[in-house]
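Structure assessment
Next come the chains, spelled out residue by residue.
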Amino acid sequence: MTLPPTLATARLTLRPMEPGDFPAYAALMASGRSAFMGGPFDTRAAWGLFCHDAAGWALFGFGALMVEAGGTTVGQVGINHGPLFPEPELGWMLYDGHEGQGYATEAGRALRDWGFGQGLPTLVSYMDPANRASAAVAERMGARLDPAAVPQDPGDLVYRHAPGTAA
Amino acid sequence: MIPTLSTARLTLRAPRLADFEHRAAFYASDRSVWEDGPLDRAQAWRVFASDVGQWPLMGYGPFSVDHRGGYVGEVGIYHAADFPEPELGWFVTPEAEGKGIAAEAARAVMVWARANFGWEQLVNYIDPGNARSIALGLRLGGRICDRPGACPTDVVIEHDLRGLA
């Protein structure tokens, strides 16, 4: 098992997940904000997803980290993999009230660069075409649509990340 | 970190991606009927990954079990959101059944849990139709008790860890 790192950016701290993060995570998964992730999810399903996000550290050497701004947990960023993903995927979510400040972009860049630094050969983001806010984050990170990539679900957009892509 | 435990015949080690194929086969079969199965591959992955994800979060979880260098099952501590407390659980491949492998691995996990966490008891949650697993729980020295289960119909078997380690 790889121990999850703690990464610092200008405004954010990306830190390992803890059981105490679950209530806020479950609240998001129970809300309309999880619609693009296949939600809403009840507590049992949310716990499964929460553990699934952490499992990458045991199975692959990468996984999800919680994102903190000024000591407040504002969301999560993670690299997902496994049989359900054609390629390693960079994903992000922000808790209610923390959007619009560039946190997802800043956290996503940090984990992307860490991932490529660990030797990840490729990194993509799978996206529901209606999820414009998340597509804008991918574009701000410098990712580009890759129409040739295999989508996770039919109809998904696939954004391809490159190491150190400028804003 | 995920420890490696050794018994007379077995090695209990960190789960690996390749171990998932055995769990997927189990969930695709009728053997999984007592474990909310059958499940398709995507559902089976979610169960496997969420079990393994307990390790970085809680410091306990499922061990994959090797016998003579080959995978024979999974035994460890499971703690889903709707479990009142951590649960001792086991799974062996069809080829490994009837050899005492689950019992041998479960004893090692109980000793490890006692030594690491100081727990006094550890429970099994078992579907009342799963006679084989109930028999194993009792053979390990457990007693059927009235503690709450993961669901109301579960048979709950309590193991006293206080004499261990």
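Here the structure is a predicted model, which is why all the values come from computation and not from measurement.

**Overview of the overall build of chain B**
A tally of helices and strands in chain B yields five helices and eight strands. In summary, chain B has a C-alpha radius of gyration of 15 Å against a globular reference of 15 Å for 165 residues, a match within 12%. A principal-axis box enclosing the C-alpha atoms of chain B has dimensions of 40 × 35 × 35 Å. Put simply, chain B has 165 residues, and 41% of those count as buried.

**Details of the environment of B:Tyr125**
All names here are of chain B. Following the sequence through the fold, Tyr125 ends up in strand β6 (residues 121-126). Tyr125 sits 106 residues away from Asp19 along the chain, and the two C-alpha atoms are 23 Å apart. Leave out the neighbours within four places in its chain, and Tyr125 touches Glu87, Gly149, Ala150, Asp154 and Val156.

**Thoughts on helix α4 (residues 101-117) of chain B**
Between the first and last C-alpha of α4(B) there are 24 Å, a value that for 17 residues agrees with the 24 Å anticipated at 1.5 Å per step. Where α4(B) is concerned, the buried positions are B:Ile101, B:Ala102, B:Ala105, B:Ala106, B:Ala108, B:Val109, B:Met110, B:Ala113 and B:Arg114.

**Considering the confidence of the model for chain B**
When the pLDDT values of chain B are averaged, the result is 95; 99% of them are 70 or greater. Interface confidence for the predicted complex, given as ipTM, is 0.89, next to a pTM of 0.92.

**Re the interface of chain A and chain B**
With 20 residues of chain A in contact, the opposing surface of chain B contributes 22 residues. No other element matches the 12 residues that helix α2 (residues 43-59) of chain A contributes to the side of chain A that touches chain B. A breakdown of the residues in the side of chain A that touches chain B according to their chemical character gives 14 nonpolar, four polar and two charged.

**Topic: the environment of A:Ala138**
Residues and elements named next belong to chain A. Along the chain, Ala138 turns up in helix α4 (residues 132-140). Residues Ala138 and Asp113 lie 25 residues apart in sequence; the distance between their C-alpha atoms is 14 Å. Among all residues touching Ala138, those that are not within four sequence positions of it are Ser125, Met127, Ala143 and Tyr159.

**Focus on the environment of B:Glu21**
Residues and elements named next belong to chain B. Within the secondary structure, Glu21 is located in helix α1 (residues 20-28). A residue is classified by how many C-beta atoms lie within 10 Å of it, and Glu21, with 14 of them, is partly exposed. The spatial distance from the C-alpha of Glu21 to the C-alpha of His79 is 22 Å, given a sequence separation of 58 residues.

**What to know about unusual backbone geometry**
Cis geometry marks the peptide bond from A:Gly39 to A:Pro40, where omega comes out at 5°. Along the chain, A:Pro40 turns up in the loop between α1 (22-30) and α2. Phi at B:Asp36 takes a positive value of approximately 70°, unusual for a residue other than glycine. Relative to the helices and strands, B:Asp36 is located in the loop between α1 and α2 (41-52). Although it is not a glycine, B:Arg68 adopts a positive phi angle of roughly 50°. Summarising the element assignment, B:Arg68 is placed in the loop between β3 (62-67) and β4 (70-78).

**A few points about the packing of α1(A) against α2(A)**
All names here are of chain A. At their nearest, the axes of α1 and α2 sit 9 Å apart, and the two run at 115° to each other. With respect to the hand of their crossing, α1 and α2 are arranged in right-handed fashion. Here Phe22, Tyr25, Ala26, Met29 and Ala30 of α1 come into contact with α2, specifically with Thr43, Ala46, Trp47, Leu49 and Phe50. Of the residues assigned to the contact of α1 with α2, the class counts are nine nonpolar, one polar and no charged.

**So, the nonpolar core**
Counting residues in hydrophobic clusters, the biggest one holds 87 residues, and the most contacted among them are A:Val67, A:Ala107, B:Val75, B:Ala105 and B:Val109. Among residues more than four places away in sequence, those in contact with A:Ala107 are A:Thr9, A:Leu12, A:Leu14, A:Val67, A:Val77 and A:Trp92.

Criteria and cut-off values
Residues numbered from 1 in each chain as written. Chains lettered and ligands numbered in written order. Predicted model: local features only at pLDDT ≥ 70, side-chain atom pairs only at ≥ 80, totals over all residues. Helix = DSSP H or I, 4+ residues; strand = E, 2+ residues; numbered from the N terminus. Rg over C-alpha atoms; globule rule 2.2 N^0.38 Å. Buried ≥ 20, exposed ≤ 12 C-beta atoms within 10 Å, placed from the backbone. Contact = placed C-beta atoms within 7 Å. Expected span 1.5 Å × (residues − 1). pLDDT = per-residue confidence, 0-100. Nonpolar A, V, L, I, M, F, W, Y, C, P; charged D, E, K, R; others polar. Axes fitted to C-alpha atoms, helices over the stretch in contact; angles between N-to-C directions. Left-handed = near helix turned anticlockwise from the far one by under 90°. Core = buried A, V, L, I, M, F, W, Y, C linked by C-beta atoms within 7 Å.

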